[in-house]
Amino acid sequence: MNKKILSNLQHLSREGKKAFAVLIDPDKVLDTNTLQRLAHMSVENKIDYFLVGGSLLTHNNLYQVVQWLKDHTDIPVVLFPGNSMQIDLRADGILFISLISGRNPELLIGQHVIAAPLLKRSQLEIVPTGYMLIDSGHPTSASYMSHTLPIPSDKPSLAACTAMAGEMLGMQLIYMDAGSGSKRPIDAKMISMVQRSVNVPLIVGGGITSAEKAQIAMEAGADVIVVGNGIEKNLNLLIEVSEKVNLFNSLLDVHK
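Keep in mind that this is a model prediction, so the values were computed, not measured. (Residues numbered from 1 in each chain as written. Predicted model: local features only at pLDDT ≥ 70, side-chain atom pairs only at ≥ 80, totals over all residues. Heavy atoms only, no water.)

Student: How would you sum up the packing of helix H7 (residues 188–197) against helix H8 (residues 211–220)? Please name residues and give values.
Tutor: Geometrically, a packed helix pair is captured by the angle between its two axes and the distance between the axes. The interhelical angle for the contact between H7 and H8, taken along N-to-C directions, is 30 degrees, at an axis separation of 8 Å. As judged from the angle between their axes, H7 and H8 are roughly parallel. The two elements H7 and H8 meet at a crossing, and its hand is right-handed. Seen from H7, the contacting residues are Ala188, Ile191, Ser192 and Gln195; seen from H8, they are Ile216, Ala217 and Ala220. (Axes fitted to C-alpha atoms, helices over the stretch in contact; angles between N-to-C directions. Helix = DSSP H or I, 4+ residues; strand = E, 2+ residues; numbered from the N terminus. Parallel < 35°, antiparallel > 145°, perpendicular 65-115°, else oblique. Left-handed = near helix turned anticlockwise from the far one by under 90°. Contact = heavy atoms within 4.5 Å.)

Student: Account for the pattern of salt bridges, naming residues and giving values.
Tutor: When the charged atoms of two side chains lie near each other, side chains of opposite charge can form a pair. Counted under the stated rule, the structure contains five salt bridges. Taking the shortest distance from any N to any O, the salt bridge between Glu232 and Lys28 comes out at 3.4 Å. You can see Glu232 sitting in helix H9 (residues 229–233) and its partner Lys28 sitting in the loop between strand E1 (19–24) and helix H2 (32–44), a full 204 residues away along the chain. Given the relative accessible area of 38%, Glu232 is considered partly exposed. Lys28 gets classed as partly exposed once you look at its relative accessible area, which sits at 39%. In this structure, Asp135 and Arg184 form a salt bridge, with 3.4 Å as the shortest nitrogen-oxygen distance. Taken together, the residues span a long stretch of sequence, with Asp135 in the loop between strand E5 (125–133) and helix H5 (141–146) and Arg184 in the loop between strand E6 (173–177) and H7 at a distance of 49 residues. When its relative accessible area of 29% is taken as the criterion, Asp135 is described as partly exposed. (Salt bridge = Lys/Arg side-chain N within 4 Å of Asp/Glu carboxyl O. Buried < 20%, exposed > 50% of the residue type's maximum accessible area, 1.4 Å probe, protein only.)

Student: Break down the sheet that holds E5 for me, with residues and values.
Tutor: Within a sheet, each strand pairs with its neighbour through backbone hydrogen bonds, oriented either parallel or antiparallel. The eight strands are arranged E1-E2-E3-E4-E5-E6-E7-E8 in a closed barrel whose pairing can be described as parallel. Neighbour-to-neighbour, the strand axes of the sheet open up by a mean angle of 30 degrees, direction not taken into account. The pairing of E1 with strand E8 (residues 224–227) spans four bridges and is parallel. For Ala21, the partnering residue across the bridge sits in E8 and is Val226. (Pairing = 2+ DSSP bridges.)

Student: How would you sum up helix H10 (residues 236–254)? Please name residues and give values.
Tutor: For H10, built from 19 residues, the straight-helix expectation of 27 Å at 1.5 Å per residue is met to within 8% by its first-to-last C-alpha distance of 27 Å. Those residues of H10 that fall on the buried side of the exposure criterion are Leu237, Leu238, Val241, Ser242, Val245, Phe248 and Asn249. The buried residues of H10 all sit within an arc of 130 degrees when viewed along its axis, so they share a single face. Among the exposed residues of H10, those pointing more than 90 degrees away from its buried face are Glu243 and Val254. (Expected span 1.5 Å × (residues − 1). Arc of directions from axis to C-beta.)

Student: Describe in detail empty space enclosed by the protein, supporting the description with residues and values.
Tutor: Tallied over the entire structure, the rule returns two cavities of 30 Å³ or more. By volume, the largest cavity amounts to about 80 Å³. Every residue along the wall of the largest cavity is listed here: Ile5, Leu9, Ala21, Tyr49, Leu51, Val78, Leu95, Leu173, Ile203, Val224 and Val226. Looking at the lining of the largest cavity, the elements that each hand over two or more residues are helix H1 (4–15), strand E2 (49–52) and E8. Residues of the lining of the largest cavity, tallied by class, amount to 11 nonpolar, no polar and no charged. Estimates place the volume of the second largest cavity at around 50 Å³. What lines the second largest cavity is Val22, Leu23, Ile24, Asp25, Lys28, Val29, Leu38, Gly228, Ile231 and Glu232. Elements supplying a minimum of two residues to the lining of the second largest cavity: E1 and H9. (1 Å grid on protein atoms, 1.4 Å probe; cavity = no way out; pocket = protein on both sides within 12 Å on 5 of 7 lines; lining within 4 Å. Points joined across faces, edges and corners; volume = space filled by probe spheres on them. Nonpolar A, V, L, I, M, F, W, Y, C, P; charged D, E, K, R; others polar.)

Following this line, the structure appears as structure tokens:
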């Protein structure tokens, strides 16, 4: 099993560079034309990763989405599972998510025990990820399905301590998420405090509905920007965020 996904993210983080991941909810790409347009734009704009998964999959097409992306692009496909059933061994890797912001034992360790034997035998790159839900102003699918309360948006120190605990428990990534369709992104102060508190790459998603919001998250310390729902509503957002990420990295090279 290679470790390219994690090692690449660690390298980017050390260099201060940013990555852009497009989140694909299989329930929202129910025809090949939609997926084809999204994949074509992702390749054209050189996104770094596809994250595939959702809080609730009702159409049983996870496997078709992963297979299509693998057949038609060279972009790494990383599973972002809502439960132990959302596993496809044809993907490149999986964020092995523990919901460290909540107190639901099923999502701290229970689902992981169920999935472990299958993952152990697979060739998937398994990336231990501490997942933190952050309050976004209204209930999201993630908070409802996980039966957990998000971290209050005005408690950056609580988020920082949670991230530190996750790192000490062995998490290799921290993922802060305001949830799909959230009304607002995670506050820059919270992102910054979490980033300063840990030494692992930081992923930030949820509520990033403009290139400006992506820029704010990057400047605050996010290593990976994740956009899903915003792109579903406006495909041009993919281009706009990609331009911001590429410009950020280019300016970093100039100043070295």
